[in-house]
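Structure assessment
What follows is the residue order along each chain.
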Amino acid sequence: MLSEKYKVLSDPECMPLIEQAKKKLGDKIFILGHHYQRDEVIQFVDAVGDSLMLSQTAAKTKSKYIIFCGVTFMAETADIITGDDKIVLHPDLSAGCPMADMAPASQIRRAWKELEKVIGDTSNVVPVTYINSYAETKAFCGERGGVVCTSSNADKILKWALSQNKKVFFFPDQHLGRNTAHRLSITNDQMVLWEREKENGGLSEDKIKSAKIYLWNGCCPVHERFKYDDLKTIRKRDPEIKILVHPEVPEELANYADYMGSTQYIVNKIEQAPKGSKWAIGTEIHLVSRLAKNHPDKKIILLGTPICMCSMMDRISPQYLLWTLESLVNDKVINVVKVPENITQNAIKALDRMFELT
Ligand code: 13P
Ligand code: SF4
């Protein structure tokens, strides 16, 4: 818990103190930051990126301490893919991802048993989990010949899973699963939604037997708020504006957007866009605001009216970052993310498979 000493500090008061602590720690630390982090945090990170880039960077870092400014599944992934000589810290361990919470391994195991009862043999099903899941869910997939994917490699990974002539169970984001499958020409009648609260996912035995892809009924509460109606209104107002979305948005919106991709894809698209171009972006507000600020020569707006903010990403504040850094300066290692060895052993199989395929 953050102590009073840090709680009373304003953001501007934290800035020089973070700077000083970083200087004292030097090469001992490497700070990673996801694109959805606040500007006050992003200014101190050594690398910024989407989930795939950040995990690749974590795997390569030479520093002993990796400080992960993002949500906890990202820090867990960094711990899984780095050796015991690296220590991963997360400034606020309460910053989990609600989508990852929707697919606990216990629920997945139950669904798998139900599936087995109906189809007889689950060795014909490849479990694929979005990286936005906890280590135990990744381990479940790794143990069964499955794989992890991110928003930037989901096409490749799903293509690989389907190329084995097997069925696919996709966790936890139904939208990423469906939107990616559409890109591979899989139609909605070949997919079913597995409602995790219901027995047999709420599906008839016939539906379970005939489906090619089972989509877990998880979603991102932030991206679910972007609506097709918002796209229609914006296009009507300005037919020239380009619609750029993250693949966690619902199907209808994804189908009609001009471009869709990971947060890094969104950043690259805007960086490469011509001066004067106009964009409505369907992703988290911190990233959209930063893009608008960094590209005053382009018109950039948020797609839709409600402010779509990831409150979990927002939990990482300068105060929490300072606390983590100053503790290290005082030889106190706090907020360590350590995945148990038995889970790591299986989760790494699913992550390594992803790296090989990417
Ligand atoms: P990216 O991998 O595209 O950065 O997505 C992570 C995420 O949590 C999006 O909601
Ligand atoms: Fe999770 Fe959505 Fe936040 Fe991404 S934006 S970390 S998927 S809740």
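Above this note sits the structure.
As the structure is a computational prediction, the values presented were derived from the model and not from experiment. (Residues numbered from 1 in each chain as written. Chains lettered and ligands numbered in written order. Predicted model: local features only at pLDDT ≥ 70, side-chain atom pairs only at ≥ 80, totals over all residues. Heavy atoms only, no water.)

Here the focus is the pairing of strand β5 (residues 125-130). Across the six residues of β5, six count as buried, placing the element largely inside the fold. Where burial is concerned, the two faces of β5 agree: the one with Val-125, Pro-127 and Thr-129 and the one with Val-126, Val-128 and Tyr-130 are both buried. With five bridges connecting them, β5 and strand β7 (residues 167-171) associate as parallel partners. Residue pairing for β7: Val-126 is matched across the bridge by Val-168. One ladder, built from three bridges, connects β5 with strand β6 (residues 147-149); its direction is parallel. Paired with Tyr-130 across the two strands is Cys-149, which belongs to β6. Handedness of the β-α-β unit built from β5, helix α8 (residues 135-143) and β6 comes out right-handed. (Buried < 20%, exposed > 50% of the residue type's maximum accessible area, 1.4 Å probe, protein only. Helix = DSSP H or I, 4+ residues; strand = E, 2+ residues; numbered from the N terminus. Pairing = 2+ DSSP bridges. Right-handed = clockwise from strand over helix to strand, strands pointing away.)

As a further point, take helix α10 (residues 174-183). Within α10, eight of the ten residues are buried, leaving the element largely enclosed by the surrounding structure. Of all the residues in α10, the buried ones are Gln-174, His-175, Leu-176, Gly-177, Arg-178, Asn-179, Thr-180 and Ala-181. Of the residues flanking the start of α10, the one acting as N-cap is Asp-173, its side-chain oxygen 3.1 Å from the backbone nitrogen of His-175. Directly after α10, the chain includes Ser-185, whose backbone phi takes a positive value near 65 degrees. (Polar contact = N/O pair within 3.5 Å; in protein donor to acceptor, adjacent residues only side chain to side chain.)

Right, let's get into the layout of surface pockets. Here the largest pocket defines a volume of roughly 290 Å³. Forming the walls of the largest pocket are 29 residues, and the residues nearest its centre are Tyr-36, Asn-132, Cys-220, Glu-248 and Met-313. Secondary-structure elements contributing two or more residues to the lining of the largest pocket are α4 (51-60), α5 (72-81) and α6 (98-101). Residue classes in the lining of the largest pocket are distributed as 16 nonpolar, eleven polar and two charged. (1 Å grid on protein atoms, 1.4 Å probe; cavity = no way out; pocket = protein on both sides within 12 Å on 5 of 7 lines; lining within 4 Å. Points joined across faces, edges and corners; volume = space filled by probe spheres on them. Nonpolar A, V, L, I, M, F, W, Y, C, P; charged D, E, K, R; others polar.)

We now examine the site of ligand 2. Lining the immediate environment of ligand 2, one finds Tyr-36, Val-71, Cys-97, Pro-98, Met-99, Asn-132, Cys-220, Glu-248, Cys-310 and Met-313. More than half of the atoms belonging to ligand 2 lie within 2 Å of the grid points that define the largest pocket. For the shell around ligand 2, the class distribution of residues is eight nonpolar, one polar and one charged. (Near = heavy atom within 4 Å. Sits in = over half its atoms within 2 Å of the grid points.)

Summed over the entire model, instances satisfying the criterion amount to one cavity of 30 Å³ or more. The computed volume of the largest cavity comes to approximately 40 Å³. Ser-51, Leu-54, Ser-55, Phe-68, Phe-73, Met-74, Thr-77, Ala-78 and Ile-131 are the residues that line the largest cavity. Elements represented by at least two residues in the lining of the largest cavity include exactly α4 and α5. The biggest single contributor to the lining of the largest cavity is α5, with four residues. Among the residues making up the lining of the largest cavity, the classes are represented as six nonpolar, three polar and no charged.

The next thing to look at is the sheet that holds strand β13 (residues 299-302). Spatially, the four strands line up as an open sheet ordered β11-β10-β12-β13, and their pairing is parallel. Here the strands that pair on one side only, and so sit at the sheet edges, are β11 (259-260) and β13. As paired elements, strand β10 (residues 242-245) and β11 share two bridges and run parallel to each other. Considered in β11, the bridge of Leu-244 is made with Tyr-259. Strands in contact with helix α14 (residues 263-272) are β10, β11, β12 (278-282) and β13; relative to β10, the strand with the most contacts, it is inclined by about 155 degrees. This element, helix α15 (residues 285-294), spans β12 and β13 of the sheet and lies at about 165 degrees to β13. (Contact = heavy atoms within 4.5 Å. Axes fitted to C-alpha atoms, helices over the stretch in contact; angles between N-to-C directions.)

Our next topic: the pattern of salt bridges. Within this structure, the stated rule accounts for 20 salt bridges. Glu-4 is the salt-bridge partner of Lys-7, the closest N and O atoms lying 4.0 Å from each other. With a gap of three residues between them, Lys-7 and Glu-4 both fall in helix α1 (residues 4-7), about one helical turn apart. For Lys-7, a relative accessible area of 45% corresponds to the partly exposed category. Residue Glu-4 is classed as exposed on the basis of its relative accessible area, which comes to 52%. We note a salt bridge from Asp-46 to Lys-22, for which the minimum N-O separation is 3.2 Å. Taken together, the residues Asp-46 in the loop between α3 (39-42) and β2 (47-49) and Lys-22 in helix α2 (residues 11-25) connect sequence positions 24 residues apart. (Salt bridge = Lys/Arg side-chain N within 4 Å of Asp/Glu carboxyl O.)

Taken together, His-34, Tyr-36, Asp-50, Ser-51, Tyr-130, Asn-132, Ser-151, His-223, His-246, Glu-248, Ser-262 and Thr-263 make up all the residues around ligand 1. A distance of 2.7 Å separates an oxygen atom of ligand 1 from a polar side-chain atom of Ser-51. Measuring from an oxygen atom of ligand 1, one finds a side-chain N or O atom of Glu-248 at 2.9 Å. Calculation on ligand 1 without its partners gives an accessible area of 300 Å², and the protein chains cover 96% of this total. Most atoms of ligand 1, that is more than half of them, are within 2 Å of grid points of the largest pocket. Taken together, the residues of the shell around ligand 1 break down into two nonpolar, eight polar and two charged. (Areas by Shrake-Rupley, 256 points an atom, 1.4 Å probe, with all protein chains shown as cover.)

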